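As a plain string of letters, each chain reads:
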Amino acid sequence: FEHEKLLYYYPEGVDDTTTTRAIGLSEGLVRFTSTFSQDKPCETVNFKNKKCAFYEPEPGLWMVFVAGIFPNTPVVDAAVMHCIVRRCYAAYALFNGTFQSCLDQDGRETLRRKLAIFIPQFLSTYKLKQTPFFNAMEGISFFPCDKNVFLQIQCLVNLVEKSFGEIKETFVMNRDLLMWSGLEQRDTRTLYNYLCIATDKYAEEESGTSKPYLPSVPVTGAISSASRHELQYVNLLRAMQKRSGLVRIPPRKKDQDDKTRTLDENLAAVSNMYIGENSSQKRRVAIYSGRRGVSCVFLMDPEADTEYYVLNDFVKSHLSGIAPHINTRIVQTGDIFDGKLDYYCLYYNDMNNAAKGMWSTASNSGDFTFPTHATHAVMRMHNDFGKRDERPSEIVMRTSEGRWLVGRKSEQRELYVLFEDKDTINSIIDVHEFLQRLNTGYFGNLFLD
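Residues numbered from 1 in each chain as written. Predicted model: local features only at pLDDT ≥ 70, side-chain atom pairs only at ≥ 80, totals over all residues. Heavy atoms only, no water.

(A) Geometry of the overall build of the chain. Secondary structure summary: the chain contains 12 helices and 14 strands in total. Summarising the internal contacts of the chain: among those between residues at least 6 apart in sequence, 59% fall at separations of at least 24. (Helix = DSSP H or I, 4+ residues; strand = E, 2+ residues; numbered from the N terminus. Contact = heavy atoms within 4.5 Å.)

(B) Main features of the sheet that holds strand β11 (residues 354–360). Across the sheet, which stays open at both edges, the five strands sit in the order β11-β10-β14-β13-β12 with antiparallel pairing between neighbours. The open sheet is flanked by β11 and β12 (393–398), the only strands paired with a single partner. Averaged over all adjacent pairs, the angle separating strand axes in this sheet is 10°, with direction ignored. As paired strands, β12 and strand β13 (residues 404–410) are joined by six bridges and run antiparallel to one another. Looking at β13, one finds that R398 is bridged to W404. (Pairing = 2+ DSSP bridges. Axes fitted to C-alpha atoms, helices over the stretch in contact; angles between N-to-C directions.)

(C) Representation of the packing of aromatic side chains. Taken as a whole and judged by the stated rule, the model has 14 aromatic pairs. The ring of F47 is capped by K50, whose NZ or CZ atom sits 5.4 Å from the centre of that ring. (Phe/Tyr/Trp six-rings, centres within 6.5 Å; stacked < 30°, edge-to-face > 60°. Lys NZ or Arg CZ within 6 Å of the ring centre and 35° of its normal.)

(D) Seen up close, the environment of G290. Following the sequence through the fold, G290 ends up in the loop between β8 (281–289) and β9 (294–300). Residues G290 and V315, spaced 25 residues apart in sequence, show a C-alpha to C-alpha distance of 9.6 Å.

(E) Layout of a nonpolar patch on the surface. Taken together, the side chains of W62, V64 and V66 define a hydrophobic patch exposed on the protein surface, amounting to about 230 Å² of accessible area. When you line up the elements, W62 lands in strand β3 (residues 61–68). Relative accessible area serves as the criterion here: at 32%, W62 is assigned to the partly exposed category. (Patch = residues over 30% accessible without salt bridge, like charges linked within 9 Å, V, L, I, M, F, W, Y side chains within 5 Å. Areas by Shrake-Rupley, 256 points an atom, 1.4 Å probe, with all protein chains shown as cover. Salt bridge = Lys/Arg side-chain N within 4 Å of Asp/Glu carboxyl O. Buried < 20%, exposed > 50% of the residue type's maximum accessible area, 1.4 Å probe, protein only.)

(F) Structural context of helix α8 (residues 232–240). Taken across its nine residues, α8 has eight buried, putting it largely inside the fold. Among the residues of α8, those classed as buried are Q232, Y233, V234, N235, L236, L237, A239 and M240.

(G) Summary view of the layout of surface pockets. Taken as a whole, the second largest pocket holds about 1,700 Å³ of empty space. Contributing to the lining of the second largest pocket are 44 residues, with Y8, Y9, M63, V64 and F65 lying nearest its centre. Those elements that provide at least two residues to the lining of the second largest pocket are α1 (16–34), β2 (50–58), β3, α2 (78–96), α3 (99–106) and α4 (108–124). With 11 residues, the top contributor of residues to the lining of the second largest pocket is α1. By residue class, the composition of the lining of the second largest pocket is 33 nonpolar, four polar and seven charged. (1 Å grid on protein atoms, 1.4 Å probe; cavity = no way out; pocket = protein on both sides within 12 Å on 5 of 7 lines; lining within 4 Å. Points joined across faces, edges and corners; volume = space filled by probe spheres on them. Nonpolar A, V, L, I, M, F, W, Y, C, P; charged D, E, K, R; others polar.)

(H) Geometry of the sheet that holds β2. Across the sheet, three strands lie side by side as β1-β2-β3; this open sheet has antiparallel pairing. This sheet does not close on itself; its edge strands, each paired only once, are β1 (44–46) and β3. On average, adjacent strands in this sheet sit at an angle of 15° to one another, irrespective of strand direction. The pairing of β2 with β3 spans seven bridges and is classified as antiparallel. Its bridge partner being in β3, Y55 is matched across the sheet by M63. Contacts between α2 and the sheet are confined to β1, β2 and β3, with β2 contributing the most and set at about 35° to the helix. Contacts from α3 reach β2 and β3 within the one sheet, and its direction differs from that of β3 by about 125°.

(I) Representation of the state of the cysteines in the model. Applying the stated rule across the entire model yields zero disulfides. As a non-bridged cysteine, C52 has C42 as the owner of its nearest cysteine sulfur, 8.5 Å distant. (Disulfide = S-S within 2.5 Å.)

(J) Expanded view of the packing of α2 against α4. At a closest axis distance of 11 Å, the pairing of α2 and α4 adopts a crossing angle of 120°. Of the possible angle classes, the one that applies to α2 and α4 is oblique. The element α2 and its partner α4 pack so that their crossing is right-handed. Residues I84, R87, C88, A91, Y92 and N96 of α2 form the contact with α4, whose participating residues are L111, K114, L115, F118, I119 and F122. A per-class count over the contact of α2 with α4 returns nine nonpolar, one polar and two charged. (Parallel < 35°, antiparallel > 145°, perpendicular 65-115°, else oblique. Left-handed = near helix turned anticlockwise from the far one by under 90°.)

(K) Seen up close, the pattern of salt bridges. In total, this model carries seven salt bridges according to the counting rule given. When the shortest N-O distance is used, the salt bridge between E169 and R283 registers 3.0 Å. Taken together, the positions of E169 in strand β4 (residues 167–174) and R283 in strand β8 put the pair 114 residues apart, joining distant regions of the chain. R283 matches E169 in its accessibility class, with the two residues each being buried. The closest approach of N and O atoms between D187 and R186, which form a salt bridge, is 3.3 Å. Accessibility expressed as a relative area gives 5% for D187, which makes it buried. Among the charged side chains, a salt-bridge network with shared partners connects K5, E27 and R31.

(L) Quick look at the side chain of T306. Positionally, T306 belongs in the loop between β9 and α10 (308–332). Polar side-chain contacts of T306 include one of 3.1 Å to the side chain of E166. Those residues in contact with T306, other than ones at most four positions away along the chain, are E166, R284, M300 and L311. (Polar contact = N/O pair within 3.5 Å; in protein donor to acceptor, adjacent residues only side chain to side chain.)

(M) Geometry of the packing of α3 against α4. With their axes 7 Å apart at the nearest point, α3 and α4 run at an angle of 135° to one another. The orientation of α3 relative to α4 falls into the category oblique. Along the contact surface, α3 presents F99, C102, L103 and D106, while α4 presents R108, T110, L111, K114 and L115. Among the residues forming the contact of α3 with α4, the class breakdown is five nonpolar, one polar and three charged.

Function-wise, these values are silent; they only describe arrangement.
Below is the structure:
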(Lines give C-alpha, C1' and ligand atoms only; values in the text may rest on other atoms or scores of the structure.)
Protein backbone atom coordinates (compact mmCIF):
# COMPACT_ATOMS: atom_id res chain seq x y z
CA PHE A 1 0.00 0.00 0.00
CA GLU A 2 1.11 3.57 -0.72
CA HIS A 3 0.75 4.80 2.87
CA GLU A 4 3.16 2.09 4.08
CA LYS A 5 5.96 3.79 2.14
CA LEU A 6 5.62 6.83 4.38
CA LEU A 7 8.13 7.12 7.23
CA TYR A 8 6.96 10.49 8.59
CA TYR A 9 4.57 13.28 7.62
CA TYR A 10 4.50 16.77 9.09
CA PRO A 11 2.22 18.12 10.42
CA GLU A 12 0.96 15.11 12.29
CA GLY A 13 -2.65 14.05 12.43
CA VAL A 14 -3.27 14.22 8.66
CA ASP A 15 -5.61 11.54 7.29
CA ASP A 16 -4.32 8.63 5.18
CA THR A 17 -6.05 9.90 2.02
CA THR A 18 -4.03 13.14 2.07
CA THR A 19 -0.72 11.45 2.81
CA THR A 20 -1.33 8.77 0.16
CA ARG A 21 -2.08 11.46 -2.42
CA ALA A 22 1.12 13.31 -1.47
CA ILE A 23 3.17 10.12 -1.79
CA GLY A 24 1.72 9.31 -5.20
CA LEU A 25 2.28 12.83 -6.52
CA SER A 26 5.87 12.96 -5.27
CA GLU A 27 6.73 9.54 -6.62
CA GLY A 28 5.13 10.32 -9.96
CA LEU A 29 7.04 13.60 -10.35
CA VAL A 30 10.37 11.95 -9.51
CA ARG A 31 9.81 9.08 -11.95
CA PHE A 32 8.56 11.35 -14.72
CA THR A 33 11.46 13.81 -14.48
CA SER A 34 14.03 11.01 -14.22
CA THR A 35 13.23 10.06 -17.83
CA PHE A 36 14.78 13.36 -18.92
CA SER A 37 17.73 13.38 -16.49
CA GLN A 38 18.65 10.13 -14.80
CA ASP A 39 21.86 11.48 -13.23
CA LYS A 40 20.19 14.57 -11.75
CA PRO A 41 16.73 13.79 -10.38
CA CYS A 42 13.90 16.22 -9.78
CA GLU A 43 14.83 19.02 -7.37
CA THR A 44 12.06 21.65 -7.43
CA VAL A 45 8.51 21.80 -8.80
CA ASN A 46 6.35 24.95 -8.78
CA PHE A 47 2.57 24.76 -8.59
CA LYS A 48 0.02 27.57 -8.52
CA ASN A 49 -0.36 27.51 -4.73
CA LYS A 50 2.74 25.67 -3.49
CA LYS A 51 6.37 24.87 -4.13
CA CYS A 52 8.00 21.45 -3.63
CA ALA A 53 11.67 20.67 -3.01
CA PHE A 54 12.90 17.06 -3.41
CA TYR A 55 16.01 15.63 -1.80
CA GLU A 56 17.35 12.05 -1.90
CA PRO A 57 19.86 11.85 0.99
CA GLU A 58 20.22 8.07 0.68
CA PRO A 59 19.42 5.70 -2.22
CA GLY A 60 15.68 5.12 -2.41
CA LEU A 61 14.88 7.38 0.56
CA TRP A 62 13.39 10.80 -0.23
CA MET A 63 12.60 13.92 1.75
CA VAL A 64 10.02 16.33 0.29
CA PHE A 65 9.58 19.87 1.58
CA VAL A 66 6.44 21.80 0.60
CA ALA A 67 5.98 25.56 1.08
CA GLY A 68 2.70 27.32 0.37
CA ILE A 69 2.38 30.31 -1.97
CA PHE A 70 0.02 33.00 -0.76
CA PRO A 71 -1.06 36.35 -2.26
CA ASN A 72 1.02 39.38 -1.25
CA THR A 73 3.55 37.12 0.47
CA PRO A 74 7.17 36.64 -0.69
CA VAL A 75 7.78 33.23 -2.23
CA VAL A 76 10.43 31.12 -0.51
CA ASP A 77 13.44 30.70 -2.78
CA ALA A 78 14.12 27.16 -4.00
CA ALA A 79 17.72 27.36 -2.79
CA VAL A 80 16.50 28.17 0.74
CA MET A 81 14.06 25.25 0.66
CA HIS A 82 16.82 22.86 -0.37
CA CYS A 83 19.06 24.29 2.34
CA ILE A 84 16.43 23.57 5.00
CA VAL A 85 15.80 19.98 3.92
CA ARG A 86 19.56 19.28 3.63
CA ARG A 87 20.16 20.72 7.08
CA CYS A 88 17.34 18.66 8.52
CA TYR A 89 18.86 15.43 7.24
CA ALA A 90 22.40 16.43 8.20
CA ALA A 91 21.30 17.28 11.75
CA TYR A 92 19.37 14.01 12.05
CA ALA A 93 22.36 11.99 10.81
CA LEU A 94 24.70 13.85 13.20
CA PHE A 95 22.64 12.77 16.22
CA ASN A 96 21.19 9.46 15.02
CA GLY A 97 23.21 8.07 12.11
CA THR A 98 21.79 7.35 8.67
CA PHE A 99 18.24 6.25 7.86
CA GLN A 100 19.47 2.98 6.39
CA SER A 101 21.55 2.08 9.43
CA CYS A 102 18.46 2.44 11.61
CA LEU A 103 16.38 0.35 9.17
CA ASP A 104 19.03 -2.40 9.15
CA GLN A 105 19.60 -2.49 12.92
CA ASP A 106 16.26 -1.54 14.47
CA GLY A 107 13.59 -1.73 11.79
CA ARG A 108 11.08 0.57 10.13
CA GLU A 109 9.00 1.36 13.21
CA THR A 110 12.03 2.55 15.17
CA LEU A 111 13.00 4.88 12.33
CA ARG A 112 9.46 6.23 12.21
CA ARG A 113 9.53 6.90 15.94
CA LYS A 114 12.91 8.65 15.72
CA LEU A 115 11.71 10.87 12.87
CA ALA A 116 8.51 11.69 14.76
CA ILE A 117 10.67 12.83 17.68
CA PHE A 118 13.41 14.63 15.76
CA ILE A 119 11.71 16.56 12.96
CA PRO A 120 9.37 18.61 15.21
CA GLN A 121 12.43 19.45 17.34
CA PHE A 122 14.36 20.60 14.28
CA LEU A 123 11.50 22.66 12.87
CA SER A 124 10.95 24.32 16.24
CA THR A 125 14.47 25.76 16.00
CA TYR A 126 14.21 26.93 12.39
CA LYS A 127 12.57 30.24 11.47
CA LEU A 128 11.70 30.03 7.80
CA LYS A 129 10.62 33.66 7.38
CA GLN A 130 13.82 34.91 9.02
CA THR A 131 16.18 32.79 6.94
CA PRO A 132 18.73 35.14 5.30
CA PHE A 133 19.67 34.51 1.72
CA PHE A 134 23.24 33.47 2.57
CA ASN A 135 21.88 30.51 4.54
CA ALA A 136 21.18 28.97 1.15
CA MET A 137 24.93 29.02 0.52
CA GLU A 138 25.48 27.22 3.85
CA GLY A 139 28.44 29.43 4.67
CA ILE A 140 30.56 29.44 7.82
CA SER A 141 31.67 32.62 9.58
CA PHE A 142 35.28 32.30 10.69
CA PHE A 143 36.85 34.15 13.59
CA PRO A 144 39.37 36.76 12.34
CA CYS A 145 42.43 35.29 14.07
CA ASP A 146 45.86 36.84 13.91
CA LYS A 147 48.81 34.46 14.10
CA ASN A 148 49.24 34.80 17.88
CA VAL A 149 45.61 33.96 18.71
CA PHE A 150 45.57 31.11 16.18
CA LEU A 151 48.71 29.56 17.66
CA GLN A 152 47.24 29.80 21.17
CA ILE A 153 44.10 27.98 20.04
CA GLN A 154 46.14 25.35 18.25
CA CYS A 155 48.26 24.90 21.36
CA LEU A 156 45.14 24.45 23.51
CA VAL A 157 43.72 21.83 21.13
CA ASN A 158 47.01 19.92 21.00
CA LEU A 159 47.36 19.99 24.80
CA VAL A 160 43.84 18.69 25.36
CA GLU A 161 44.11 15.91 22.78
CA LYS A 162 47.55 14.90 24.07
CA SER A 163 46.48 14.88 27.72
CA PHE A 164 43.20 13.06 27.05
CA GLY A 165 43.92 10.38 24.48
CA GLU A 166 40.24 9.43 24.13
CA ILE A 167 39.52 12.81 22.49
CA LYS A 168 39.72 12.27 18.73
CA GLU A 169 38.46 15.59 17.35
CA THR A 170 38.02 19.10 18.75
CA PHE A 171 35.78 21.94 17.59
CA VAL A 172 36.14 25.51 18.90
CA MET A 173 33.78 28.46 18.40
CA ASN A 174 33.62 32.00 19.71
CA ARG A 175 29.95 32.98 19.78
CA ASP A 176 28.90 32.31 16.16
CA LEU A 177 32.42 32.39 14.69
CA LEU A 178 34.39 29.21 13.98
CA MET A 179 37.92 29.18 15.38
CA TRP A 180 39.07 25.57 14.96
CA SER A 181 37.69 22.31 13.61
CA GLY A 182 39.27 18.87 13.43
CA LEU A 183 36.26 17.54 11.52
CA GLU A 184 35.64 17.08 7.84
CA GLN A 185 34.02 20.03 6.08
CA ARG A 186 30.56 18.47 5.92
CA ASP A 187 30.53 17.60 9.62
CA THR A 188 32.01 21.00 10.46
CA ARG A 189 29.19 22.77 8.64
CA THR A 190 26.49 20.67 10.33
CA LEU A 191 27.87 21.09 13.84
CA TYR A 192 28.49 24.81 13.23
CA ASN A 193 24.88 25.37 12.13
CA TYR A 194 23.62 23.52 15.19
CA LEU A 195 25.74 25.45 17.68
CA CYS A 196 24.75 28.75 16.08
CA ILE A 197 21.15 28.08 17.19
CA ALA A 198 22.24 28.05 20.83
CA THR A 199 24.54 31.05 20.32
CA ASP A 200 21.82 33.18 18.76
CA LYS A 201 19.32 32.26 21.45
CA TYR A 202 21.82 32.99 24.20
CA ALA A 203 22.49 36.45 22.69
CA GLU A 204 18.75 37.16 22.62
CA GLU A 205 18.40 36.14 26.26
CA GLU A 206 21.35 38.32 27.30
CA SER A 207 19.78 41.36 25.59
CA GLY A 208 16.39 40.63 27.16
CA THR A 209 14.63 40.14 23.81
CA SER A 210 13.85 36.47 24.34
CA LYS A 211 12.83 34.06 27.05
CA PRO A 212 14.96 31.02 27.96
CA TYR A 213 15.18 28.43 25.21
CA LEU A 214 12.10 26.20 25.38
CA PRO A 215 11.29 25.04 21.85
CA SER A 216 7.72 24.07 21.16
CA VAL A 217 7.70 20.34 20.48
CA PRO A 218 4.28 18.66 20.06
CA VAL A 219 3.74 16.02 22.75
CA THR A 220 2.89 12.88 20.82
CA GLY A 221 2.85 9.35 22.13
CA ALA A 222 6.30 8.74 20.64
CA ILE A 223 7.79 11.86 22.18
CA SER A 224 6.20 11.49 25.61
CA SER A 225 7.72 8.05 25.98
CA ALA A 226 11.09 9.00 24.44
CA SER A 227 14.31 8.68 26.36
CA ARG A 228 16.51 11.64 27.19
CA HIS A 229 18.93 10.50 24.47
CA GLU A 230 16.30 10.82 21.74
CA LEU A 231 15.44 14.36 22.87
CA GLN A 232 19.08 15.40 23.01
CA TYR A 233 18.71 17.81 20.06
CA VAL A 234 16.71 20.28 22.16
CA ASN A 235 17.97 19.20 25.59
CA LEU A 236 21.52 20.03 24.58
CA LEU A 237 20.47 23.48 23.34
CA ARG A 238 18.73 24.14 26.66
CA ALA A 239 21.73 23.02 28.67
CA MET A 240 24.18 25.11 26.66
CA GLN A 241 22.49 28.29 27.88
CA LYS A 242 24.18 27.85 31.27
CA ARG A 243 27.64 28.76 29.94
CA SER A 244 29.48 27.48 32.99
CA GLY A 245 32.06 24.85 32.10
CA LEU A 246 31.20 21.41 30.80
CA VAL A 247 27.56 21.28 29.77
CA ARG A 248 25.29 19.19 31.98
CA ILE A 249 22.05 17.43 31.09
CA PRO A 250 19.96 18.18 33.01
CA PRO A 251 21.63 21.52 33.89
CA ARG A 252 23.11 21.62 37.38
CA LYS A 253 20.82 23.18 39.98
CA LYS A 254 22.23 25.63 42.47
CA ASP A 255 21.19 23.88 45.60
CA GLN A 256 22.81 22.30 48.63
CA ASP A 257 22.39 18.77 47.31
CA ASP A 258 24.75 19.44 44.42
CA LYS A 259 27.81 18.17 46.30
CA THR A 260 26.15 14.84 47.01
CA ARG A 261 25.42 14.02 43.39
CA THR A 262 27.35 11.32 41.59
CA LEU A 263 29.89 11.94 38.85
CA ASP A 264 27.53 10.76 36.12
CA GLU A 265 24.79 13.14 37.30
CA ASN A 266 27.09 16.15 37.43
CA LEU A 267 29.55 15.81 34.56
CA ALA A 268 29.31 13.38 31.69
CA ALA A 269 29.20 13.23 27.93
CA VAL A 270 25.97 14.93 26.95
CA SER A 271 25.38 13.37 23.57
CA ASN A 272 26.32 10.82 20.95
CA MET A 273 27.16 12.06 17.47
CA TYR A 274 27.89 10.32 14.18
CA ILE A 275 30.54 11.74 11.88
CA GLY A 276 32.63 10.76 8.86
CA GLU A 277 31.55 9.25 5.57
CA ASN A 278 27.96 7.98 5.77
CA SER A 279 27.91 9.03 9.46
CA SER A 280 29.67 5.76 10.26
CA GLN A 281 31.89 6.90 13.16
CA LYS A 282 30.20 7.13 16.53
CA ARG A 283 31.52 9.60 19.09
CA ARG A 284 30.68 10.56 22.66
CA VAL A 285 30.53 14.34 22.96
CA ALA A 286 31.35 16.71 25.81
CA ILE A 287 30.86 20.45 25.38
CA TYR A 288 32.62 23.16 27.36
CA SER A 289 30.77 26.49 27.30
CA GLY A 290 32.81 29.44 28.50
CA ARG A 291 31.29 32.57 29.98
CA ARG A 292 33.09 34.78 27.46
CA GLY A 293 31.44 33.10 24.48
CA VAL A 294 34.07 30.46 23.67
CA SER A 295 32.69 26.93 23.25
CA CYS A 296 34.76 23.76 22.86
CA VAL A 297 33.27 20.52 21.56
CA PHE A 298 35.25 17.36 22.32
CA LEU A 299 34.43 14.21 20.32
CA MET A 300 35.67 11.11 22.11
CA ASP A 301 36.04 7.38 21.69
CA PRO A 302 32.65 5.97 22.81
CA GLU A 303 34.28 3.06 24.63
CA ALA A 304 36.87 5.01 26.62
CA ASP A 305 36.46 6.33 30.17
CA THR A 306 36.92 10.04 30.79
CA GLU A 307 37.58 11.91 34.01
CA TYR A 308 35.23 14.79 33.33
CA TYR A 309 36.13 16.84 36.38
CA VAL A 310 39.78 16.74 35.36
CA LEU A 311 38.87 17.69 31.77
CA ASN A 312 36.70 20.55 33.00
CA ASP A 313 39.44 22.02 35.21
CA PHE A 314 42.10 21.50 32.53
CA VAL A 315 40.15 23.36 29.83
CA LYS A 316 39.09 26.12 32.22
CA SER A 317 42.65 26.85 33.35
CA HIS A 318 44.06 27.01 29.83
CA LEU A 319 41.12 28.79 28.20
CA SER A 320 41.12 31.58 30.79
CA GLY A 321 44.47 32.76 29.46
CA ILE A 322 43.29 32.89 25.84
CA ALA A 323 39.87 34.52 26.30
CA PRO A 324 41.15 38.08 26.91
CA HIS A 325 43.18 37.98 23.68
CA ILE A 326 40.11 36.78 21.77
CA ASN A 327 37.92 39.57 23.14
CA THR A 328 40.60 42.15 22.32
CA ARG A 329 40.67 40.88 18.76
CA ILE A 330 36.88 41.35 18.48
CA VAL A 331 37.07 44.93 19.79
CA GLN A 332 39.72 45.80 17.21
CA THR A 333 37.33 45.05 14.32
CA GLY A 334 35.69 48.32 13.23
CA ASP A 335 33.78 50.00 10.43
CA ILE A 336 35.98 51.68 7.79
CA PHE A 337 33.20 54.20 7.10
CA ASP A 338 32.90 55.15 10.81
CA GLY A 339 29.12 54.61 10.73
CA LYS A 340 28.60 57.38 8.15
CA LEU A 341 27.24 55.09 5.46
CA ASP A 342 24.36 52.62 5.59
CA TYR A 343 25.24 49.42 3.78
CA TYR A 344 25.02 45.65 3.94
CA CYS A 345 27.87 43.47 2.68
CA LEU A 346 28.19 39.73 2.16
CA TYR A 347 31.38 37.86 1.32
CA TYR A 348 31.31 34.20 0.34
CA ASN A 349 34.14 31.82 -0.60
CA ASP A 350 32.96 28.63 -2.27
CA MET A 351 36.29 26.88 -1.65
CA ASN A 352 36.01 26.70 2.15
CA ASN A 353 32.37 27.82 2.64
CA ALA A 354 33.60 30.98 4.37
CA ALA A 355 30.83 33.57 4.66
CA LYS A 356 30.97 36.96 6.33
CA GLY A 357 28.10 39.40 6.66
CA MET A 358 28.71 43.03 7.63
CA TRP A 359 26.33 45.93 8.01
CA SER A 360 26.43 49.47 9.30
CA THR A 361 23.67 52.00 9.95
CA ALA A 362 24.33 55.70 10.42
CA SER A 363 21.00 56.23 12.17
CA ASN A 364 19.74 54.74 15.43
CA SER A 365 16.38 53.78 13.98
CA GLY A 366 16.91 50.08 14.57
CA ASP A 367 18.54 47.01 13.07
CA PHE A 368 19.35 46.91 9.40
CA THR A 369 16.81 44.91 7.41
CA PHE A 370 17.80 43.39 4.10
CA PRO A 371 14.86 44.00 1.73
CA THR A 372 13.13 40.90 0.43
CA HIS A 373 13.26 41.98 -3.21
CA ALA A 374 17.02 42.61 -2.90
CA THR A 375 17.41 39.16 -1.36
CA HIS A 376 15.91 37.54 -4.45
CA ALA A 377 18.08 39.75 -6.67
CA VAL A 378 21.24 38.55 -4.88
CA MET A 379 20.17 34.94 -5.32
CA ARG A 380 19.72 35.56 -9.05
CA MET A 381 23.19 37.13 -9.19
CA HIS A 382 24.65 34.13 -7.37
CA ASN A 383 23.01 31.72 -9.79
CA ASP A 384 24.20 33.80 -12.76
CA PHE A 385 27.78 33.82 -11.47
CA GLY A 386 27.62 30.03 -11.25
CA LYS A 387 27.03 29.86 -15.00
CA ARG A 388 30.06 32.00 -15.87
CA ASP A 389 33.75 31.10 -16.15
CA GLU A 390 36.40 31.92 -13.55
CA ARG A 391 37.19 35.41 -14.86
CA PRO A 392 36.19 38.31 -12.56
CA SER A 393 32.70 39.56 -13.31
CA GLU A 394 30.39 42.23 -11.93
CA ILE A 395 26.69 43.01 -11.89
CA VAL A 396 25.36 46.43 -10.84
CA MET A 397 21.68 47.22 -10.48
CA ARG A 398 19.47 49.88 -8.93
CA THR A 399 16.31 48.86 -7.10
CA SER A 400 12.94 50.54 -7.49
CA GLU A 401 13.53 52.30 -4.14
CA GLY A 402 16.72 53.88 -5.45
CA ARG A 403 19.22 51.62 -3.65
CA TRP A 404 22.32 50.38 -5.45
CA LEU A 405 23.10 46.66 -5.37
CA VAL A 406 26.45 45.29 -6.56
CA GLY A 407 27.65 41.72 -7.05
CA ARG A 408 31.26 40.85 -7.84
CA LYS A 409 32.96 37.51 -8.43
CA SER A 410 36.67 36.72 -8.57
CA GLU A 411 37.63 33.06 -8.99
CA GLN A 412 35.60 31.26 -6.26
CA ARG A 413 34.96 34.37 -4.17
CA GLU A 414 31.77 36.40 -4.30
CA LEU A 415 30.99 39.83 -2.86
CA TYR A 416 27.55 41.46 -2.63
CA VAL A 417 26.95 45.00 -1.37
CA LEU A 418 23.64 46.80 -0.90
CA PHE A 419 24.03 50.56 -0.35
CA GLU A 420 21.12 51.78 1.74
CA ASP A 421 22.07 55.47 1.72
CA LYS A 422 20.35 56.96 -1.35
CA ASP A 423 21.69 60.48 -0.73
CA THR A 424 25.39 59.63 -0.45
CA ILE A 425 25.34 56.97 -3.17
CA ASN A 426 23.42 58.47 -6.08
CA SER A 427 25.48 57.49 -9.14
CA ILE A 428 27.47 54.55 -10.43
CA ILE A 429 30.65 56.58 -9.90
CA ASP A 430 29.84 56.80 -6.17
CA VAL A 431 29.13 53.07 -6.15
CA HIS A 432 32.58 52.19 -7.50
CA GLU A 433 34.32 54.69 -5.21
CA PHE A 434 32.82 53.30 -2.02
CA LEU A 435 33.11 49.73 -3.27
CA GLN A 436 36.84 50.24 -3.82
CA ARG A 437 37.23 51.54 -0.25
CA LEU A 438 35.29 48.53 1.04
CA ASN A 439 37.44 46.16 -1.03
CA THR A 440 40.70 47.72 0.16
CA GLY A 441 39.66 48.02 3.80
CA TYR A 442 38.15 44.56 4.34
CA PHE A 443 39.28 42.23 1.59
CA GLY A 444 42.85 43.22 0.73
CA ASN A 445 41.99 44.04 -2.89
CA LEU A 446 40.71 40.53 -3.62
CA PHE A 447 38.03 42.00 -5.85
CA LEU A 448 40.01 44.16 -8.24
CA ASP A 449 38.45 46.17 -11.08
